[in-house]
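Coordinates in review
In case you want the letters, here they are:
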Amino acid sequence: GNNITLWKYESWLPVKKIVSLNEGGTPLYRLNNLEKILGVKELYAKNEGANPTGSFKDRGMTVGVSKALELGMKRVACASTGNTSASLAAYAAKAGIEAYVLVPSGKIALGKLAQAIIYGAKVIPIKGNFDDALRVVIEASEELGIYMLNSINPFRLEGQKTIAYEIYDQLQKVPDNVVLPVGNAGNISAIWKGFKELYEAGVIDKLPRMIGIQAEGASPLAKAWKEKRKFKPEKNPETLATAIRIGNPANWEKAWRAVEESGGMFEIVSDEEILKAQRILASKEGLFVEPASAASLAGLIKLLNEEKVDRDESFVLVTTGHGLKDPDIVLRNFKLPEPIEPTLDAFRRVIE
Ligand SMILES: Cc1ncc(COP(=O)(O)O)c(/C=C/C(=O)C(=O)O)c1O
């Protein structure tokens, strides 16, 4: 494939490239089949599942771990719903430093857990959810001098903002809308920052609307925004899209500002709508993404049905993680047929 990596934008990043796994340069697909099905003029997917560890987190980690090395750090840590831990583990391995990852016990997708283990991180399951794990890792970093690489760490967002640069480079124009799932709310903030930097540098002369999608059972930001009231965390976030099963998004103010400044919006989708969107994206466009990533399509479908967005505009869905991260979800909702005899007859019967 191409060897365009995120470091093409080195001069726009706050650290020199020290550790890289050729992250970035991910494909931007034209979803021409879904354009016809949904009646949308221009629909794209920025496929972040094509990154080295299968999610957009690699963009933040190449910059964040490079910074850790520049600071002479020997130990890094994060709390994670899964992808951040998988990514931190890989970049720490490449960098030759120790990684400690705290994950909500029993609520992390199999693929992500396998990655964190095999890359050699110290995986610490927490009795509680992501929000509990994040609290512990912040205390640990203060007390024990372990470098914290959650998305509160600004260097993570610096890497993730390159999604905006690449969307502009690949489209050769600014899309009217960027639609993406929101959990800890780092990514929507980072992508908005990237577009604003291009705008302030005079590279682009318009800005996209930022549209953040949350899962019904874990939607503190979207609920507050839709009900026009102050943000308040949700105590027990619940969704099968475990990547965004977050009740107290650390970057909620930045995300709120991104939506306000861009004239965008938040929307809420159910787990059922997420699963339906995951299947449509795969079976109509050949794009298999994990449930949280499918929330972007589920959100767009809802907004189109509610006529809250204009189908004559252009939309980029940021599909944030590869479908293979969470194969369980698919197998749990799919009935395999019985095995057949190894004969042509048996095969003929089953395909008629
Ligand atoms: C596939 C996928 N899609 C969307 C999100 C939400 O992005 P943010 O709103 O920036 O948090 C995540 C986040 C995952 C973690 O927060 C973690 O791995 O700890 C993700 O893995």
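One structure accompanies this document, and this report is about it. Since the structure is predicted, the reported quantities are computational estimates derived from the model, not experimental observations. (Residues numbered from 1 in each chain as written. Predicted model: local features only at pLDDT ≥ 70, side-chain atom pairs only at ≥ 80, totals over all residues. Heavy atoms only, no water.)

Core analysis: the biggest nonpolar cluster contains 32 residues, and Ile 188, Ile 191, Phe 195, Met 210, Leu 221 and Phe 266 have the highest contact counts within it. The set of elements that each furnish at least two residues to this core consists of helix H7 (162-171), strand S7 (177-181), helix H8 (186-200), helix H9 (220-226), helix H10 (252-262), strand S9 (265-269) and strand S10 (314-319). Ranked by size, the runner-up nonpolar core spans 31 residues in total, among them Ala 45, Ile 274, Ala 294 and Leu 300. (Core = buried A, V, L, I, M, F, W, Y, C linked by side-chain atoms within 4.5 Å. Buried < 20%, exposed > 50% of the residue type's maximum accessible area, 1.4 Å probe, protein only. Helix = DSSP H or I, 4+ residues; strand = E, 2+ residues; numbered from the N terminus.)

With that settled, consider the site of the ligand. In the vicinity of the ligand lie 23 residues, with Asn 83, Thr 84, Gly 183, Asn 187 and Thr 320 positioned nearest. The backbone of Asn 184 places a nitrogen or oxygen atom 2.8 Å from an oxygen atom of the ligand. Between the ligand and Ala 185, the relevant distance is 2.8 Å, taken from an oxygen atom to a main-chain nitrogen or oxygen of the residue. Summarising the interface, the protein chains cover 99% of the accessible area of the ligand, which totals 480 Å² for the free molecule. Sorting the residues of the shell around the ligand by element identifies helix H3 (83-95), H8 and helix H12 (291-305) as the ones contributing at least two each. Here the shell around the ligand is composed, by residue class, of 9 nonpolar, 12 polar and 2 charged. (Near = heavy atom within 4 Å. Polar contact = N/O pair within 3.5 Å; in protein donor to acceptor, adjacent residues only side chain to side chain. Areas by Shrake-Rupley, 256 points an atom, 1.4 Å probe, with all protein chains shown as cover. Nonpolar A, V, L, I, M, F, W, Y, C, P; charged D, E, K, R; others polar.)

Quick look at the packing of helix H2 (residues 57-70) against H3 now. Helix packing for two helices is described by the angle between their axes and how far apart those axes are. Relative to each other, H2 and H3 sit at 40°, their axes nearing to 9 Å. Judged by the angle between their axes, H2 and H3 are oblique. Crossing handedness for the pair H2 and H3: right-handed. In contact with Lys 57, Asp 58, Met 61, Thr 62, Val 65 and Leu 69 of H2, H3 contributes Asn 83, Thr 84, Ser 87, Leu 88, Tyr 91 and Ala 95. Class assignment of the residues belonging to the contact of H2 with H3 gives a composition of 6 nonpolar, 4 polar and 2 charged. (Axes fitted to C-alpha atoms, helices over the stretch in contact; angles between N-to-C directions. Parallel < 35°, antiparallel > 145°, perpendicular 65-115°, else oblique. Left-handed = near helix turned anticlockwise from the far one by under 90°. Contact = heavy atoms within 4.5 Å.)

What follows is about the sheet that holds S9. The strand order across the open sheet formed by 6 strands is S1-S2-S10-S7-S8-S9, and the pairing between neighbours is mixed. The sheet is open, and its two edges are formed by strand S1 (28-30) and S9, each paired on a single side. For this sheet, the mean inter-axis angle between neighbouring strands, taken without regard to orientation, is 25°. Examined bridge by bridge, strand S8 (residues 209-215) and S9 share 5 bridges and lie parallel to one another. Residue Ile 211 lies in a different strand from S9, and its bridge partner there is Met 265. The strands that H7 touches are S1, strand S2 (42-47) and S10; relative to S2, the one it contacts most, it runs at about 130°. (Pairing = 2+ DSSP bridges.)

Further remarks concern a nonpolar patch on the surface. A surface patch of nonpolar side chains, about 490 Å² in accessible area, is lined by Ile 340, Leu 344, Phe 347, Val 350 and Ile 351. Relative to the assigned elements, Ile 340 resides in the loop between helix H13 (327-332) and helix H14 (344-351). (Patch = residues over 30% accessible without salt bridge, like charges linked within 9 Å, V, L, I, M, F, W, Y side chains within 5 Å. Salt bridge = Lys/Arg side-chain N within 4 Å of Asp/Glu carboxyl O.)

Moving on to the environment of Gly 24. Looking at where Gly 24 falls in the secondary structure, it is placed in the segment before S1. Remark: the alpha-carbon pair of Gly 24 and Val 65, spanning 41 residues in sequence, is separated by 15 Å. Other than its neighbours up to four places away in sequence, Gly 24 contacts Ile 4, Leu 6, Asn 51, Arg 59 and Glu 166.

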